[in-house]
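Observations on the model geometry
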Amino acid sequence: FLAAAREAGPTGVPLITQTAFDAAHADDADAYHAQRPPVAAGVLARDLLACDQFDVMQEVTRITQPTLLIVGANDRMTPPKFSEYLAARMPNTTLAIIPDAGHYAQIEQPQRVADALRAWLGEAGGIADG
């Protein structure tokens, strides 16, 4: 991805978008990629490089605020195993694994993501109906 991103033009890399979406949502991936605004040269590569180099895994135990982690069950960009790792180490964490979704769970399964948010808000603060 990094090599492809370095060579990408202002419209990005369709392969990355296709990989980010669950295979069942290929049409959504195409539509999402088509509507994205152009970006300056190098932005995508720098974004992916920053993601690749960012590592605070040893610090996550210090996060004590109530936290909801949402991940698509078929996320190939940040697989569920990473969210499971975080959930196991962060107190006060709820993990919602969204079925039939990839990295863009909020686009692929908006109702399931909304349901997870409502349920968590209801448990965390009693404000789900507000």
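So, a few notes on the structure that sits alongside this text. All values reported here derive from a predicted model rather than from experimental measurement.

1. Let's talk about helix α4 (residues 43–53)
The set of residues buried in α4 consists of Leu 44, Ala 45 and Leu 48. The buried side chains of α4 occupy one side of the element, clustering within an arc of 100 degrees when seen end-on. Residues of α4 that are exposed and point more than 90 degrees away from the buried face comprise Arg 46 and Gln 53. The inward-facing, buried residues of α4 abut α1 (2–7) and α2 (14–20).

2. Side note on the pattern of salt bridges
Pairing of side chains with opposite charge becomes possible as their charged atoms draw close. Counted under the stated rule, the structure contains 3 salt bridges. Across the pair Arg 62 and Glu 59 runs a salt bridge whose closest N-O atoms are separated by 2.7 Å. Accessibility expressed as a relative area gives 65% for Arg 62, which makes it exposed. The class for Glu 59 is partly exposed, based on a relative accessible area of 39%. In this structure, the salt-bridge partner of Asp 100 is Arg 112, at a minimum N-O distance of 3.4 Å. A residue pair is termed long-range when its members are at least 10 positions apart, and Asp 100 in the loop between β2 (93–98) and α6 (105–108) and Arg 112 in helix α7 (residues 110–125) qualify at 12 residues.

Reading the values: the criteria
Residues numbered from 1 in each chain as written. Predicted model: local features only at pLDDT ≥ 70, side-chain atom pairs only at ≥ 80, totals over all residues. Heavy atoms only, no water. Buried < 20%, exposed > 50% of the residue type's maximum accessible area, 1.4 Å probe, protein only. Helix = DSSP H or I, 4+ residues; strand = E, 2+ residues; numbered from the N terminus. Arc of directions from axis to C-beta. Contact = heavy atoms within 4.5 Å. Salt bridge = Lys/Arg side-chain N within 4 Å of Asp/Glu carboxyl O.

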